[in-house]
Amino acid sequence: MPRPQSGGLRGFLAALLIAAAAAAQAGVVVGEPPPDLLGKDRDGTQVRVSDHRGKVVVISFWASWCTYCLKELPALEGIQNAAGSGQLQVVAVNFKEEPALYRRLLHKLKDAQMTFTHDRTGAIGDGYGLRGLPFLVIVGRDGRVAYTHAGYGEQTLDRIIEEINDLLSEAAPSA
């Protein structure tokens, strides 16, 4: 009796594994637009990447337990202040913390000029392919992802500043 052909099943399983791996890696891709929605700001207004087209947008996912995240926020605030909010917008997305804790953190950060949003369920981070904190996405003036950084530390800050400055030196796209 001839042996059953298993090539079709193997091919199907291989395709399924590849699709599952791709789904697990889903998220932002350099050169492509990022997911648009970033949550609501302190005033309850929906924050979208597309609202800042023509600016460099820095999206920083953070949490109170992430020591480097807490060091990074003031540095990002300083970069935004130096560049000016007409050129650079920092959006700090708090990742998966309880609403009461997030409100307390916002109160402590009340003088910060950057935009804060809250990703209570992790859905925003999932859309970005968040792989660890801190997680930073830098979007160019054209609305496309220019750089991403995951799980980095202080040694990366100079490179991040250089990347932001390079993007700020580029002309805004024509409408």
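In short, a report on the structure. Keep in mind that what you see is a predicted model, and the values were worked out from it rather than measured. Once a new chain begins, its residue numbering starts again from 1 and follows that chain's sequence as written. Thresholds applied to this predicted model are a pLDDT of at least 70 for local features of residues and 80 or more for the giving and counting of side-chain atom pairs; totals over whole chains, interfaces and linings are not thresholded and use all residues. Water and hydrogen atoms play no part in the side-chain values, which are based on all heavy atoms of the structure.

### Observations regarding the overall build of the protein chain
Labels follow the DSSP assignment, with helices taken as runs of H or I lasting at least four residues and strands as runs of E lasting at least two, numbered in each case from the N terminus. Regarding its fold elements, the protein chain presents five helices and seven strands. Looking at the protein chain as a whole, 40% of its 175 residues qualify as buried. Surface exposure of the protein chain reaches about 9,900 Å², of which carbon and sulfur atoms provide 54%. Exposure is judged per residue with a 1.4 Å probe applied to protein chains only, and the accessible area is read against the type maximum: over 50% gives exposed, under 20% gives buried, and values in between give partly exposed. Each accessible area value is a Shrake-Rupley result obtained with a 1.4 Å probe; residue values ignore everything except the protein chains displayed when judging cover.

### Points about the packing of helix 2 (residues 67-83) against helix 5 (residues 157-168)
Orientation is described by lines fitted to C-alpha atoms, with helices fitted over the stretch in contact, and by angles between N-to-C directions that extend from 0 to 180 degrees. Put simply, helix 2 and helix 5 touch, their axes get as near as 12 Å, and they point 25° apart. Classified by the angle their axes make, helix 2 and helix 5 are roughly parallel. In this structure, helix 2 meets helix 5 at a crossing whose hand is right-handed. Taking contact as the criterion, the partners of Y68, A75, I79 and A83 in helix 2 are, on helix 5, L157, I161, I164 and L168. When residues are sorted by character, Ala, Val, Leu, Ile, Met, Phe, Trp, Tyr, Cys and Pro go into the nonpolar class, Asp, Glu, Lys and Arg into the charged class, and all the rest, Gly among them, into the polar class. In terms of residue class, the contact of helix 2 with helix 5 is built from eight nonpolar, no polar and no charged. Throughout this description, any angle smaller than 35 degrees is read as roughly parallel, any larger than 145 degrees as roughly antiparallel, any in the 65 to 115 degree range as roughly perpendicular, and the remainder as oblique. It is the rotation of the near helix from the far one that decides the hand of a crossing: anticlockwise by less than a right angle makes it left-handed, clockwise makes it right-handed. Only heavy atoms enter the contact rule, under which two residues are in contact if any of them lie within 4.5 Å.

### Describing the pairing of strand 7 (residues 145-150)
The criterion for strand pairing is that DSSP finds at least two bridges linking the strands in question. With five bridges connecting them, strand 6 (residues 135-139) and strand 7 associate as antiparallel partners. Each bridged residue has a counterpart across the sheet, and for I138 the counterpart in strand 7 is Y147. Counting the residues between successive antiparallel strands, the hairpin from strand 6 to strand 7 contains five residues, one of them, G143, with a positive phi of roughly 85°.

### So, helix 5
Take the residue count of a helix, subtract one, and multiply by 1.5 Å to get its expected span. If you check helix 5, its first and last C-alpha atoms are 16 Å apart, about what 12 residues at 1.5 Å a residue would give, namely 16 Å. Considering only its buried residues, helix 5 is in contact with strand 3 (56-62), helix 2, strand 4 (88-95), strand 6 and strand 7.

### Comments concerning the sheet that holds strand 7
Taken together, the five strands give an open sheet; going across it, the order is 5-4-3-6-7, and neighbouring strands pair in mixed fashion. Of all the strands in the sheet, just strand 5 (115-119) and strand 7 have a single pairing partner and so form its edges. For this sheet, the mean angle separating the axes of adjacent strands, direction not counted, is 15°.

### Points about the nonpolar core
Within the largest apolar cluster, 43 residues are counted, with the highest numbers of intra-cluster contacts made by I59, F61, F116 and Y128. Ignoring anything within four residues of it in the chain, the contact list for Y128 reads G27, V28, P34, P35, L38, V49, I59, F61, F135 and V137. Residues belong to a common nonpolar core when they are buried Ala, Val, Leu, Ile, Met, Phe, Trp, Tyr or Cys residues joined through side-chain atoms within 4.5 Å.

### Topic: the side chain of E77
Along the chain, E77 falls in helix 2. Working convention for charge: Lys and Arg count positive, Asp and Glu count negative, and His plus the chain ends are omitted. The salt bridge criterion pairs a side-chain nitrogen of Lys or Arg with a carboxyl oxygen of Asp or Glu, the two atoms within 4 Å. At 7.3 Å, R42 is the nearest oppositely charged side chain to E77, a buried residue that forms no salt bridge. For E77, the residues in contact, after removing those within four places along its chain, are D111, A112, Q113 and M114.

### Quick notes on the state of the cysteines
Disulfide: a pair of cysteine sulfur atoms within 2.5 Å of each other. In the structure shown here, the tally under the stated rule is one disulfide. Shown here is the disulfide that connects C66 with C69, its sulfur atoms set 2.2 Å apart. Here the S-S torsion is close to 75°, and the disulfide linking C66 with C69 is therefore right-handed. Here C66 matches C69 in class, with each residue buried.

### Structural notes on helix 2
Taking 1.5 Å per residue as the helical rise, helix 2 with its 17 residues ought to reach 24 Å, and the 25 Å between its terminal C-alpha atoms agrees with that figure. Buried within helix 2 we find Y68, C69, E72, L73, L76, E77, I79 and Q80. Where helix 2 is buried, its residues touch strand 3, strand 4, strand 5, strand 6 and helix 5. Just beyond helix 2, the residue with positive phi is G84, at close to 95°.

### Describing the pattern of salt bridges
It is possible for side chains bearing opposite charge to pair when their charged atoms get close. Summed over all chains, the structure comprises two salt bridges. One salt bridge in this structure joins E154 and K71, with 3.0 Å as the shortest N-O distance. In this pair, E154 sits in the loop between strand 7 and helix 5 while K71 sits in helix 2, placing the two residues 83 residues apart along the sequence. Classification of E154 as exposed rests on a relative accessible area of 52%. A salt bridge links R120 to E98; the nearest nitrogen and oxygen atoms lie 3.1 Å apart.

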